[in-house]
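# Examining the three-dimensional arrangement
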Amino acid sequence: MSSTKFILGLFDDPDVMMHGIDKLQKNSVPIYDVYTPMPIHGIEAKLGIKDSRLGYAAFLFGCLGGTTIFSLVCYFLVYDWPMNIGGKPHFAVPDFIPVTFEWSVLFASFGMAFTFFYSTHLFPGRAPRVMDLRATNDRFVIAIDAKTDVPHDDITNILKEAGAVEIKHNDRKYVSYE
């Protein structure tokens, strides 16, 4: 058995690559991932990728930030150090709205960023996971797990028929920049 982990089909045109995805799916070849130098409309639906749940995390972090600052402001300005400013009541909710909104946005943005980094394993100092470096410049790459039941020659022929300009049998999981 070979040490090949991935079979990469490199395309120079996004439409040809989308046709390649169709051909692979028609022949029941499971696609590991697709790497492109730019966003391609409709590729998520074609690959069966579900919508992100990042919006739910943003909402929860926003609620956490709003609750946190509203509780702190109420404690500080109502119970701990109440001040009589112009005869207004101590618990003046309209005065708390701007800072509550700002903290909600702050918590939502930072929470969403940290959640995204955690879910995609993008940590400082981590080596980037790139199958082929040209996928960041001018090539569209379809990565197929080599451990599939479909013979490698059949996958290679399907990629050639689909218009791949190059086919690589990658023996490493990811290419490093070093």
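Residues numbered from 1 in each chain as written. Predicted model: local features only at pLDDT ≥ 70, side-chain atom pairs only at ≥ 80, totals over all residues. Heavy atoms only, no water.

## Quick notes on the environment of Ala146
Mapped onto the elements, Ala146 comes out in the loop between strand 3 (140-145) and helix 5 (152-162). Since its relative accessible area comes to 8%, Ala146 is described here as buried. Taking the C-alpha atoms as reference, Ala146 lies 9.4 Å from Tyr32; in sequence the two are 114 residues apart. (Helix = DSSP H or I, 4+ residues; strand = E, 2+ residues; numbered from the N terminus. Buried < 20%, exposed > 50% of the residue type's maximum accessible area, 1.4 Å probe, protein only.)

## With respect to the UniProt feature "transmembrane region" (unreviewed entry) in the protein chain
Those residues carrying the UniProt feature "transmembrane region" (unreviewed entry) are residues 56-79 and 99-119 in this numbering. The distance separating the terminal C-alpha atoms of residues 56-79 is 33 Å; by composition the span is 100% helix and 0% strand. (UniProt positions renumbered as here; feature names shortened; annotations may be inferred.)

## Remarks on helix 4 (residues 93-119)
With 27 residues, helix 4 should cover 39 Å at 1.5 Å per step; its first-to-last C-alpha distance of 37 Å lies within 8% of that length. Those residues of helix 4 lying buried are Phe96, Thr100, Ser104, Ala108 and Gly111. Packed against the buried residues of helix 4 are helix 3 (54-80). Immediately downstream of helix 4, the backbone of His121 shows phi near 60 degrees, a positive value. (Expected span 1.5 Å × (residues − 1). Contact = heavy atoms within 4.5 Å.)

## Topic: the nonpolar core
Of all hydrophobic cores here, the largest spans 21 residues; its most connected members are Phe11, Met17, Ile21, Leu24, Ile142, Ile144 and Leu159. Counting residues per element, the ones that place at least two in this core are strand 1 (6-11), helix 1 (14-26), strand 3 and helix 5. Leaving out residues up to four positions away in the same chain, Leu159 has contacts with Ile7, Gly9, Phe11, Leu24, Ile144, Ala164 and Ile167. Listed in part, the eight residues of the second largest apolar core include Phe6, Leu8, Tyr35 and Ala143. (Core = buried A, V, L, I, M, F, W, Y, C linked by side-chain atoms within 4.5 Å.)

## Re unusual backbone geometry
Apart from glycine, the bulk of residues carry a negative phi angle, and the bulk of peptide bonds sit in the trans form. Phi is positive for Ser28, which is not a glycine, with a value near 60 degrees. Within the element layout of this structure, Ser28 appears in the loop between helix 1 and strand 2 (33-35). Phi at His121 takes a positive value of approximately 60 degrees, unusual for a residue other than glycine. With respect to the helices and strands, His121 occurs in the loop between helix 4 and strand 3.

## Re the pattern of salt bridges
Tallying each qualifying case throughout the model produces three salt bridges. Here Lys46 ties to Asp22 by a salt bridge, and the two come within 2.9 Å at their closest N and O atoms. One end of the pair, Lys46, is in helix 2 (residues 43-47); the other, Asp22, is in helix 1, and 24 residues separate them in sequence. We classify Asp22 as partly exposed; its relative accessible area is 34%. Of the charged contacts in the structure, one is a salt bridge between Lys23 and Glu161, with a shortest N-O distance of 3.7 Å. One end of the pair, Lys23, is in helix 1; the other, Glu161, is in helix 5, with 138 residues separating them in the sequence. Take Glu161: its relative accessible area is 57%, and that puts it in the exposed class. (Salt bridge = Lys/Arg side-chain N within 4 Å of Asp/Glu carboxyl O.)

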